[in-house]
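Structural description and commentary
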Amino acid sequence: MTFRIVALAKNAIRLDLEDRTLVMGRGRGWMGQTPWWVPSSQTWPGVRKFERQTRTLLDGLSRPGKTKLNKSKPGLNSAGATGDDYLRYVEAHEVEITPRHNILQAKFERFIASDGATELRPNVASVDLRYRDAAKGQVLVEVKPCERPSVRYAIRTAIGQLLDYKQRANEEASLLIVLEIKPSDEDCLLATSNGFGIAYLIKTRFEFLWPMVKTAS
């Protein structure tokens, strides 16, 4: 067995699955084909931003006596201190279950129940909601309240969580992300092109976008 990096356990940090939301870019200045990568001080702005986000995330998880993202002392890693949309989203919606999350989930549960969904099972094994749909079969749902600037972060985070839930459940299921607001076409494509459905609230109803079903030619 070979290792790219060797370190003492006390000097290393293992991120939980829900914290693995940063995505490296591609192209000039990024990793490329080499099996290792070190950002330089002369590199592109996107790389420097990625490095700052990574350092901020690890700093928040590694300080002794601190909860995730320094929740006990918001000023150290608060959105105001970093000006970072990603951290603003995580601190507002991912550190703990918020009333907005519960309200959105309750609205969605009522809507699908009135629309014929059956076997509704909320909050089982970390999954926000499981239900059975006549067309989609078993559905696993991740609920994501968010603002306009953080929609993409919400979708990216939900994708990782749903893949984890599906693997743990060890069953065939459709995967659905529920949002408070309508995402852009680009953000919808991020989900649907990777096999995830999107549901978003419009007044008192939810609109659904599911991946296109490929048919044999």
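These numbers were taken from a predicted model, which means no experiment stands behind them.

Thresholds, definitions, all that
Within each chain, residue numbers correspond to sequence positions counted from 1 in written order. Where totals are concerned, whole chains, interfaces and linings use all residues; where local detail is concerned, this predicted model gives features only for residues with pLDDT of at least 70, and gives and counts side-chain atom pairs only at 80 or more. Where side-chain values are given, they derive from all heavy atoms of the structure, hydrogens and water being excluded. Any Phe, Tyr or Trp ring, taking Trp's six-membered ring, that has another such ring centre within 6.5 Å forms a pair; planes under 30 degrees apart are called stacked, those over 60 apart edge-to-face, and the others tilted. The helix and strand labels rest on DSSP assignments: H or I over at least four residues marks a helix, E over at least two residues marks a strand, and numbering proceeds from the N terminus. The classification of residues rests on relative accessible area computed with a 1.4 Å probe and restricted to protein chains. Under 20% of the type maximum is buried, over 50% is exposed, and intermediate values are partly exposed. In this analysis, axes come from line fits to C-alpha atoms, helices being fitted only over the stretch in contact, and the angle between any two N-to-C directions falls in the range 0 to 180 degrees. Working rule for angles: under 35 degrees goes down as roughly parallel, over 145 as roughly antiparallel, 65 to 115 as roughly perpendicular, anything else as oblique. The contact rule is simple, with two residues in contact once any of their heavy atoms fall within 4.5 Å. For this scheme, ten residues count as nonpolar: Ala, Val, Leu, Ile, Met, Phe, Trp, Tyr, Cys and Pro. Four count as charged, namely Asp, Glu, Lys and Arg, and the remainder, Gly too, count as polar. DSSP-based pairing: two strands are paired if at least 2 bridges between them are found. In plain words, nonpolar cores are sets of buried Ala, Val, Leu, Ile, Met, Phe, Trp, Tyr and Cys residues tied together by side-chain atoms within 4.5 Å. pLDDT gives the predictor's per-residue confidence on a scale running from 0 to 100. What a helix is expected to span follows from its residue count: subtract one and scale by 1.5 Å. Throughout, the arc means that of the directions going from the helix axis to the C-beta atoms. Salt bridges are defined as contacts in which a side-chain nitrogen from Lys or Arg sits within 4 Å of a carboxyl oxygen from Asp or Glu.

Take the packing of aromatic side chains next. Taken as a whole and judged by the stated rule, the model has five aromatic pairs. The interplanar angle of 65 degrees and the centroid separation of 6.2 Å between the aromatic rings of Phe108 and Tyr131 together place this pair among those described as edge-to-face. With a gap of 23 residues between them, Phe108 in helix H5 (residues 99-114) and Tyr131 in strand S2 (residues 127-133) connect regions that are remote in the sequence. For the pair shown, Phe108 and Tyr131 are each scored as buried. Where Phe111 meets Phe208, the ring centres are 6.4 Å apart and the plane angle is 25 degrees; that geometry is what we call stacked.

Two elements in contact, helix H6 (residues 151-169) and helix H7 (residues 185-192), have axes separated by 10 Å at closest approach and are oriented at 5 degrees. The orientation of H6 relative to H7 falls into the category roughly parallel. Contact with H6, carried on its side by Val151, Arg152, Ile155, Arg156 and Ile159, involves Glu186, Asp187, Leu190 and Ala191 of H7 and no other residues of that element. By residue class, the composition of the contact of H6 with H7 is five nonpolar, no polar and four charged.

Another point: the environment of Tyr153. Mapped onto the secondary structure, Tyr153 falls in helix H6. When its relative accessible area of 15% is taken as the criterion, Tyr153 is described as buried. Taking the C-alpha atoms as reference, Tyr153 lies 9.5 Å from Asp187; in sequence the two are 34 residues apart.

Two modes of strand pairing occur in sheets, parallel and antiparallel, and in both the strands are linked by backbone hydrogen bonds. Spatially, the six strands line up as an open sheet ordered S1-S2-S3-S4-S5-S6, and their pairing is mixed. Each edge of the open sheet carries a strand with a single partner, namely strand S1 (118-124) and strand S6 (205-209). Averaged over neighbouring strand pairs, the angle between their axes works out to 25 degrees when direction is ignored. Across four bridges, S1 lies against S2 in antiparallel orientation. Bridging across to S2, Pro122 finds its partner in Leu129. Sheet strands in contact with H6 are S2, strand S3 (137-144), strand S4 (174-179) and strand S5 (197-202), and its direction is about 140 degrees off that of S3.

Our focus in this paragraph is the nonpolar core. In this structure, Leu140, Ile155, Leu162, Ile177, Leu179, Phe196 and Ile198 are the most contacted members of the largest nonpolar core, which totals 21 residues. The set of elements that each furnish at least two residues to this core consists of H6, S4, H7 and S5. Among the elements that take part in this core, H6 stands out by supplying eight residues, more than any other. Excluding residues within four positions of it along the chain, Ile155 makes contact with Ile177, Leu179, Pro183, Asp187, Leu190, Ala191 and Ile198. Within the second largest apolar cluster, 15 residues are counted, among which are Phe111, Ala117, Tyr131 and Leu176.

Averaged over the protein chain, the pLDDT score is 79; the fraction of residues at 70 or greater is 73%. Mean pLDDT across the elements of the protein chain ranges from a minimum in helix H3 (residues 79-82), with 39, to a maximum in S4, with 97. In the model, residues 64-83 has pLDDT below 50 throughout and makes 42 contacts with residues more than four positions away in sequence or in other chains.

What follows concerns H5. Its 16 residues give H5 an end-to-end C-alpha distance of 23 Å, which sits within 8% of 22 Å, the value for a rise of 1.5 Å per residue. Among the residues making up H5, those that are buried are His101, Leu104, Gln105, Phe108, Glu109, Phe111 and Ile112. The buried residues of H5 occupy one face: seen down the axis, they fall within an arc of 165 degrees. Seen from the buried face of H5, the exposed residues on the opposite side, beyond 90 degrees, are Pro99, Arg110 and Ser114.

To continue, consider the pattern of salt bridges. Under the definition given, this model contains seven salt bridges. The closest approach of N and O atoms between Glu171 and Arg130, which form a salt bridge, is 3.4 Å. Here Glu171 is found in the loop between H6 and S4, whereas its partner Arg130 is found in strand S2, with 41 residues between them in sequence. On the accessibility criterion, Glu171 (28% relative accessible area) is partly exposed. Looking at Arg130, the relative accessible area reads 8%, which means it is buried. With a closest N to O distance of 2.7 Å, Asp187 and Arg152 form a salt bridge. Note that Asp187 is positioned in helix H7 and Arg152 in helix H6, a separation of 35 residues in sequence. Each member of the salt-bridge network shares a partner with another, and the members are Arg100, Glu147 and Glu180.

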